[in-house]
Amino acid sequence: MTRQTLLLLPIVVMVTACAKPTEEQRVVRDAASALGGADKVLAVKTLVIEGDGTQYNLGQDVVPDASGQTWAVTDYKRAIDVPGERARTQLARVPKFTYWQGLAAQRQVQGIDKAVGYNVGANGAASRVAAAAADDRRAELLRHPITAVRAALDPAARLTNPRTEGDESIVDVLTSDGRAFTLAIDATTKLPTRVTTAANNVNLGDVIISTTFADYQSVGGVQLPARLTTKTDDFTTADVRVTKQAVDTDAGELAAPPAVASASVPVPQPPNVTVEEVSRGVWLLAGGSHHSALVEFSDHLMLIDAPQNDARTLAVIAKARELRPDKPLTQVVNSHHHFDHSGGIRAAVSEGLTVITHQGNVAFFEEMIKRPHTRVPDALAKNPKPLKIEAVGDERVITDGTMTVHLYAAPGEHSETMLMAYVPRDRALVLIDVYEPGAGPHMFLRPFLEDLKKRNLRVERIVPLHEKMVPYGQMVKDATSN
Ligand SMILES: [Zn+2]
């Protein structure tokens, strides 16, 4: 008999013996009854859920509030060992984007075994995921009616704040091992309608992740939802339509592969910032996956892109100041709103930089700067500064006589709110994501080059914010060769 089974034995006794449940216990008991009874819920050992669905591209769509970029998900299978707190999800997804680099199905296998999160690659090799991803997957274990109500029935769980909102009765749950979630049930049917958990997002800060349950069906003596829709705040991230599900069937091997379980948790490496001179007063600050560029004017410095997160952007800012300690770094040009390229904007604001971005991003960045980051306080939460932001329409020239940079709206296949920077003196074009030298095919490149021709720029060098600098001719060659 496992420790978990021992712990659960008193629950049934307590549920029947306790004459007057509290209001918060009432919500949980009603949910358990509607699902088929507390004893049935507590007896569920495995869940195997199969279906298809849709995934959305939070933070990577063509404009900040768009949700048109989706993946069609097929072969979805999620197997859960309920008492063992293990799950494995496998699926195939095909991008349904207007523009995409290749349309082959991507296969994913993601697992969680208590605190150990892992992915299984196409070659069958498993790798352990970072602590934050494992935490997300542990929280995800609770985003199902059976696992959530089971956790809430645990006498060691703390139930608080019972309330009614609209058609839902709601209770907050803190599990015995410290995981917090909110359970909402339908006031009439008493079936769970949603489970929400609080989380941190690098760009958005405090977010609520919710999974709503619908289309309940009777399976193996309990009620299970046939539709599960997950959102980050108001943005839908995944929609699963169940075609087949079973209780207590063989869920397969759900233990983390031994090599993964014994592997250490990957920790983020300190950012490495290298300096490469593009020309006099222009540098490429690389050293990781996401680069920035630095431009020197007569009385100040201007950064192009504040990518990834606080750590990367603060290291880039420090390097820029080290390079020209006598000139203040006052501006940052944001290439586009995608989360990997705007993840350091809050850090840049905390360092007093003025943000220059495409006009289509202004409202989004204003909101991003205002958002609370209480769960994981970032640089701006610790050092609040007001946002100074300047919008660019089709073109803006930044010049002081010694240096001139033209900012242009870039053609919109990758992002409709994207800027590129041109230094006419050096005939150098700083760009991002439409072209990555060496990594083909370049889906966005041909329309990009056609648009570039209309600008009549005499580009000789490409300074990409991923990969290495190349002559313009290389980009033209790559556009025609695939
Ligand atoms: Zn992008």
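As shown above, the structure is provided for reference.
None of the values given here were measured: they were computed from a predicted structure.

> Help me understand the overall build of the protein in this model?
On a plain count of helices and strands, the protein comes out with 13 helices and 26 strands. Taken along the three principal axes of its C-alpha coordinates, the protein extends 85 × 45 × 45 Å. Split into buried and exposed, the 482 residues of the protein put 51% on the buried side. Once local pairs closer than 6 in sequence are excluded, the contacts in the protein between residues at least 24 apart make up 59%. Roughly 21400 Å² of accessible area belongs to the protein as shown, and the carbon and sulfur atoms make up 52% of that amount. Computing the positive centroid from 52 side-chain charges and the negative centroid from 57, the protein places the two 3 Å apart.

> Whenever I open this one, the packing of aromatic side chains confuses me. Can you help?
Two measures describe an aromatic ring pair: the distance that separates the ring centres and the angle between the ring planes. In this structure the tally under the stated criterion is two aromatic pairs. Ring geometry for Phe339 against Phe364: centres 6.1 Å apart, planes inclined by 10°, an arrangement best described as stacked. With Phe339 in helix H8 (residues 339-342) and Phe364 in helix H10 (residues 362-370), the pair connects residues that are 25 residues apart, well separated along the chain. The exposure class of Phe339 is buried, given its relative accessible area of 12%. When its relative accessible area of 16% is taken as the criterion, Phe364 is described as buried. Between Phe364 and Phe365, the ring centres sit 5.6 Å apart and the planes meet at 40°, which makes this aromatic pair tilted. Grouping aromatic residues by their ring pairs yields a cluster made of Phe339, Phe364 and Phe365. For Arg93, the ring lying beneath its charged end belongs to Trp71, and the centroid distance is 3.6 Å.

> Honestly, the pairing of strand S5 (residues 116-120) in this entry has me stumped. Any pointers?
Regular strands have side chains that alternate between both faces of the sheet. The element S5 is largely enclosed, with a buried count of four among its five residues. Inspection of the sheet shows strand S4 (residues 106-113) paired to S5 by five bridges, in the antiparallel sense. In the sheet register, Val109 faces S5, and the bridge partner there is Val120. What sits between S4 and S5 in their antiparallel hairpin is a turn of two residues, with Lys114 showing a positive phi close to 50°. Sheet analysis places S5 next to strand S6 (residues 126-128), joined by three bridges and oriented antiparallel. Pairing of Tyr118 across the sheet is with Arg128, part of S6.

> Can you help me understand the nonpolar core in this one?
Soluble, globular proteins show a tendency: their nonpolar side chains are buried together. Ranked by internal contacts, the top residues of the largest apolar core, which has 47 residues, are Leu47, Ile146, Val149, Leu153, Phe181 and Leu183. In terms of residue count, helix H5 (residues 145-153) provides more of this core than any other element does, six residues in total. Contacts of Leu183, omitting those with residues within four sequence positions, involve Ala31, Ala148, Val149, Ser169, Ile170, Val171, Pro192, Arg194 and Val195. Residues Val333, Val392, Tyr422 and Phe448 belong to the second largest nonpolar core, which totals 45 residues.

> Looking at this structure, I do not really get the pairing of strand S25 (residues 461-464). What am I missing?
Examined bridge by bridge, strand S24 (residues 428-431) and S25 share four bridges and lie parallel to one another. Looking across to S25, one finds that Leu429 is bridged to Ile462. By the bridge criterion, two bridges tie S25 to strand S26 (residues 470-471) in an arrangement that is antiparallel. By the bridge assignment for S26, Ile462 is matched with Val470. Taking the residues between adjacent antiparallel strands as the criterion, S25 and S26 are bridged by five residues, where Glu467 takes a positive phi near 65°.

> Help me out: how do you make sense of helix H12 (residues 445-454) in this one?
Residues three or four positions apart in an α-helix share a direction because the helix packs 3.6 residues into each turn. Where H12 is concerned, the buried positions are Leu445, Phe448, Leu449 and Leu452. Seen from one end, H12 has its buried residues packed into an arc of 95°, which puts them on one side. For H12, the exposed residues set more than 90 degrees away from the buried face come down to Lys453 and Lys454. In this structure, the buried side of H12 is in contact with strand S23 (419-423), S24 and helix H13 (472-481). Directly beyond the C-terminal end of H12, a positive phi value near 55° is found at Asn456.

> Help me understand the coordination of the zinc ion in this model?
Tetrahedral metal sites with four donors have an ideal angle of 109.5 degrees; octahedral sites with six donors have ideal angles of 90 or 180 degrees. At 2.1 to 2.2 Å from the zinc ion lie its protein donor atoms, namely His336 (NE2), His338 (ND1), His414 (NE2) and Asp433 (OD). Here the zinc ion is ringed by four donor atoms whose angles at the metal span 86 to 174°, and the overall shape comes out irregular. Note on His336: relative accessible area 0%, which makes it buried. Assessed through its relative accessible area of 14%, His414 is described here as buried.

> Help me out: how do you make sense of the sheet that holds S26 in this one?
To summarise the sheet geometry, strands pair through backbone hydrogen bonds and adopt either a parallel or an antiparallel arrangement. Taken in spatial order, the six strands of this open sheet run S21-S22-S23-S24-S25-S26, and their pairing is mixed. Two strands bound the open sheet, and with one partner strand each, they are strand S21 (395-399) and S26.

> Just checking my understanding: could you explain the sheet that holds strand S19 (residues 354-358) for this structure?
In space, the seven strands of this open sheet follow the order S14-S15-S16-S17-S18-S19-S20, with mixed pairing throughout. Because the sheet does not close on itself, it has two edges, and the strands there are strand S14 (274-279) and strand S20 (389-392). When the angles between neighbouring strand axes are averaged without regard to direction, this sheet yields 25°. Relative to strand S17 (residues 301-304), strand S16 (residues 292-296) runs antiparallel, the two being bridged by four bridges. Opposite Ala293, over in S17, you have Ile304 as the bridge partner. The strands touched by helix H7 (residues 310-323) within the sheet are S14, strand S15 (282-286), S16, S17 and strand S18 (329-333), with S15 carrying the most contacts at an inclination of about 145°.

> Help me understand the side chain of Arg346, please; the structure alone is not making it clear to me.
Relative to the elements of secondary structure, Arg346 occurs in helix H9 (residues 345-350). Using a relative accessible area of 3% as the deciding quantity, one classes Arg346 as buried. Within polar-contact distance, the side chain of Arg346 engages the side chain of Asp378 at 2.6 Å.

> Would you mind showing me how to read the environment of Val116 here?
The topology assignment puts Val116 in strand S5. The spacing of Val116 and Arg137 is 21 residues in sequence and 9.3 Å in space, taken between C-alpha atoms. Ignoring any residue separated from it by four or fewer positions in sequence, one finds Val116 in contact with Gly111, Arg128, Ala256, Val260 and Ala261.

Criteria and thresholds
- Residues numbered from 1 in each chain as written.
- Predicted model: local features only at pLDDT ≥ 70, side-chain atom pairs only at ≥ 80, totals over all residues.
- Heavy atoms only, no water.
- Helix = DSSP H or I, 4+ residues; strand = E, 2+ residues; numbered from the N terminus.
- Buried < 20%, exposed > 50% of the residue type's maximum accessible area, 1.4 Å probe, protein only.
- Contact = heavy atoms within 4.5 Å.
- Areas by Shrake-Rupley, 256 points an atom, 1.4 Å probe, with all protein chains shown as cover.
- Lys, Arg positive; Asp, Glu negative; His and termini not counted.
- Charge placed at Lys NZ, Arg CZ, Asp CG, Glu CD.
- Phe/Tyr/Trp six-rings, centres within 6.5 Å; stacked < 30°, edge-to-face > 60°.
- Lys NZ or Arg CZ within 6 Å of the ring centre and 35° of its normal.
- Pairing = 2+ DSSP bridges.
- Core = buried A, V, L, I, M, F, W, Y, C linked by side-chain atoms within 4.5 Å.
- Arc of directions from axis to C-beta.
- Donors = N, O, S within 2.8 Å, 3.2 Å for Na, K, Ca; no water.
- Tetrahedral: all angles 85-135°; square planar, octahedral: opposite > 155°, others 65-115°.
- Axes fitted to C-alpha atoms, helices over the stretch in contact; angles between N-to-C directions.
- Polar contact = N/O pair within 3.5 Å; in protein donor to acceptor, adjacent residues only side chain to side chain.

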